[in-house]
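# An overview of the molecular structure
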Amino acid sequence: MPLPALAREASVTTRAGTASEAAIDLARQTGTSIVIADPAIARRSIPALRGRMEVSEALNRLARSAGARAVPVGPSAWRLEAAPPAVAITRTRRDATRPAQAAPPAETRGEPIVVQATKRDLRIEDVPGQLAILDGKALEAGGVGGTEKITRQLATVSSTHLGSGRNKLFIRGIADSSFTGPTQATVGQYLGDMRLTYNAPDPDLRLSDLARVEVLEGPQGTLYGAGSLGGIIRLVPNAPVMGETGGSVMIGGSLTQHGAPGADASATVNLPLAGESVALRATIDSASLGGYIDKPELGRSNVNRTDILGGKLALRAHLAPGWTIDLIGLSQSTEADDSQYADRDGKPLESSARVAERANAHYTLGQFVVSGRIGDVNLRSTTGIVSQDLHERYDASEPGGPPRLFSQVNETQMIVHETRLWQRERRGFGWLLGASYTHNRTTLNRSFQTPLLDARTAATGVGNTIDEVTLYGEASLHLMGPLTATAGGRFTRSRLSGDGEDISPAKAMALIANGVTAQRSLNTFLPSFALNARFSPEDSFYLRYQEGFRPGGFAIESDTVRRFQSDRTGTFEIGARHGRAGSSPFDLSMSLSYTRWRDIQADFIDNSGLPSTANIGDGRVWSVSLSGGLLLAPGLRVELGATWNESKVDEPSPGLLQYVALSAAQAASYTQADLARAVAMRAMQVPNIARFAGHSGIAWTHEFADGDWGLTANGWANYLGRSRLGIGPELGEPQGNYLDSGFDIRLGTSSYGVTLSVTNLADVRGNRFSLGTPFSIGRDQVTPLRPRTARIGLDARF
């Protein structure tokens, strides 16, 4: 091995935790590739490592702490393997003169990452599917953020842009609509093993004090059930560390061009409460994001300031060897003073709305987790409760009429329990068995308000209740050579019920008489099958088939409610991987998938001008994704990613064709040719998914030779292609087709530093989302990017 790879000095700081986590930190800080050959070693708890030392010394210290040895396997590449045990050898007289030799350990190949989202601790190269793992510290670079930090790094993840706490997320071209209504999300979101939402919007939790974020592309029906058609996003928080007192603080201030200033702060503390048995970890986050939209009709500028306040509290206790309990509480409040859209044909960053369109989102979660081992079998049981409330206001003023507001309140209560047993692979066989229960109640209330007249009129609302009981399992069997087969299934029994809110007694009785709101049950079985071939520690190829579904529910249409049916997807996927993203000198991942989507649930604008939900027909989605990275030099790495989607509703429902034809015919600007084109083509594209999206990034780390100081820099440029807002002429406006870019630079030591970051370098306006209010009579809308914003931050660890 060349001398510089061994003798080069670096400032290293790894957290106390598992050897796997420390290896990830060390690989990033030293520009090396580190492979842990034994999952048992990867899970061992080790103390923190801090200081300036040679790379080889840092690796040897890490290895010794984990009871392993560090073996160089190439330039800037190491493998940590089990240290050979001391062997007592009884010699016969015949071999008394021969030196005692221990047999070389059998080589076990693997990566220093165990993917918790697999629910049975599979190593990353053993996962037959497309996934991404984002480091928690990297997500905090340039200041703590929310979901936009994930979409910025992954071309396959996209979002609507109504505002923080109000958006819907999409993965791999599986998108249904622009509104947050009664349909269940297509992306499952989790904090650890706890589901964050069911049919509510993304809560946009602050991504602070996380070990990592795991993104599994879907469907993930076998492991996660309903609402994982596109995939799942799993936030893995840092667990309380026993016997260690420490913490961190981050503060920052920002200036937005053409807008108002902002500020943010985050603090985390870890406290041992009972030696090595009980520990507490707490985090608090606060942010005030300066506004940049003007409303001249109200005489106000920079109206859309958003204030976010949240916190997380975790308590961990070791009950017995191998057994722990975790108590986790989380709460976040998001207050937006006004909307963030502008008029398409007006001045940039200006809205002609005549009312303040405030939004308030409140999210609270509590969970209790028991983890342990019974012999070789692992057990994990999670029970939790969620409360999520969202109050939105939209401009519903009619031309020539007084200012009018449309108010929508979405209240969600959810109770979740899951218990699972699994055994890691032994002698080529591993398995998982689990059971879960979910209760979710969502109530959607609507009203119109005329402030000048002090008048309020209730609009029809809807309530949806669902109870789900599931049994699921999965098993893997090593067949021969590099080939491993995985098969699984999930059985779900769903009981659905609903009712109308603020509906006339006569219509309520009619709904009951016709059985529309009667309880009904649904049985669903989701199979899965996969083959994974590992040709080397760095190379694997897989193919898989998996299904997903969403139960039906009740939707509002004009002044009544009606049912919509469940939808279902089946996906075939093939893919290949080389290396590990973020640490291998070169890594590449690619996949091709085909999805057949039946009875697609989607939103449209009904005759009263309000969003409604229906099954619009059957469709297909082709998706290709490619991502990779290259270590150009020690400390210098580039990343590229791209996704291509081709989606179409190729068998539209009769109701969809009738709706599009009538809506287009009623539009004064529509010609007969426009009508034919709308029915034949425009209405058939799956909304909100760009045909092409790309991501590029570069990361550079430089250690100064005269001390502990270092410089890290990250830059990115992302392109989002053109998409359309929704189904039908009213929602046919284009969006997307813009380039976003930014960078962050940190100068400091492992204990403190200063950061400069800039987003939207070119100050692009763009159009992230073509909807601000569904009542846009006579004015089209765009949602521009936040203008160029510069932030200076300070961070400290203790």
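Scroll up to find the structure.
In this report, the structure presented in the accompanying data block is examined. (Residues numbered from 1 in each chain as written. Predicted model: local features only at pLDDT ≥ 70, side-chain atom pairs only at ≥ 80, totals over all residues. Heavy atoms only, no water.)

## Some points on the environment of S288
Topologically, S288 is positioned in strand 19 (residues 278–289). A sequence separation of 18 residues divides S288 from T306, and the C-alpha atoms of the two residues are 5.8 Å apart. Not counting residues up to four positions away in its chain, the partners in contact with S288 are G262, A263, R305, T306 and D307. (Helix = DSSP H or I, 4+ residues; strand = E, 2+ residues; numbered from the N terminus. Contact = heavy atoms within 4.5 Å.)

## Details of the nonpolar core
Counting 33 residues, the largest nonpolar core has I150, V213, V215, I233, L235 and L365 as the members making the most contacts within it. Among the secondary structure elements, those contributing two or more residues to this core are strand 10 (131–135), strand 12 (169–171), strand 13 (187–191), strand 15 (210–217), strand 16 (231–237), strand 21 (323–336), strand 23 (359–374) and strand 25 (405–426). Setting aside residues no more than four positions away along its own chain, L365 makes contact with L191, M194, R195, L196, I328, G329, L330, I385 and V386. (Core = buried A, V, L, I, M, F, W, Y, C linked by side-chain atoms within 4.5 Å. Buried < 20%, exposed > 50% of the residue type's maximum accessible area, 1.4 Å probe, protein only.)

## Focus: the side chain of T324
Mapping T324 onto the fold places it in strand 21. Contact partners of T324, with chain neighbours within four places excluded, come to A317, H318, L319, V369, V370 and S371.

## Let's talk about the pairing of strand 40 (residues 710–724)
Bridging between strand 39 (residues 692–703) and strand 40 involves eleven bridges; their strand directions are antiparallel. Following the sheet pairing, W700 is matched in strand 40 by A713. Pairing analysis gives 14 bridges linking strand 40 to strand 41 (residues 734–748), with the strands arranged antiparallel. Note that in strand 41 the partner of R724 across the bridge is P734. (Pairing = 2+ DSSP bridges.)

## Some thoughts on empty space enclosed by the protein
Using the criterion set out here, one finds twelve cavities of 30 Å³ or more in the structure. Roughly 240 Å³ of volume is contained in the second largest cavity. Lining the second largest cavity are 21 residues, with P128, Q220, L223, E474 and Q546 positioned closest to its centre. Counted by class, the lining of the second largest cavity contains nine nonpolar, eight polar and four charged residues. (1 Å grid on protein atoms, 1.4 Å probe; cavity = no way out; pocket = protein on both sides within 12 Å on 5 of 7 lines; lining within 4 Å. Points joined across faces, edges and corners; volume = space filled by probe spheres on them. Nonpolar A, V, L, I, M, F, W, Y, C, P; charged D, E, K, R; others polar.)

## So, the pattern of salt bridges
In total, this model carries 40 salt bridges according to the counting rule given. Among the ionic pairs, E125 bridges to R534, the shortest N-O distance being 3.6 Å. Here the residue E125 occupies a position in the loop between strand 9 (122–123) and strand 10, and R534 occupies one in strand 29 (residues 520–534), the gap between them amounting to 409 residues. Using a relative accessible area of 5% as the deciding quantity, one classes E125 as buried. With a closest N to O distance of 2.2 Å, R380 and D193 form a salt bridge. In this pair, R380 is assigned in strand 24 (residues 377–395) and D193 in the loop between strand 13 and strand 14 (194–195), connecting sequence segments 187 residues apart. What makes D193 buried here is its relative accessible area of 7%. Residues joined in a network through salt bridges with shared partners are K119, D193, R212, E214, R234, R380, E418 and R420. (Salt bridge = Lys/Arg side-chain N within 4 Å of Asp/Glu carboxyl O.)

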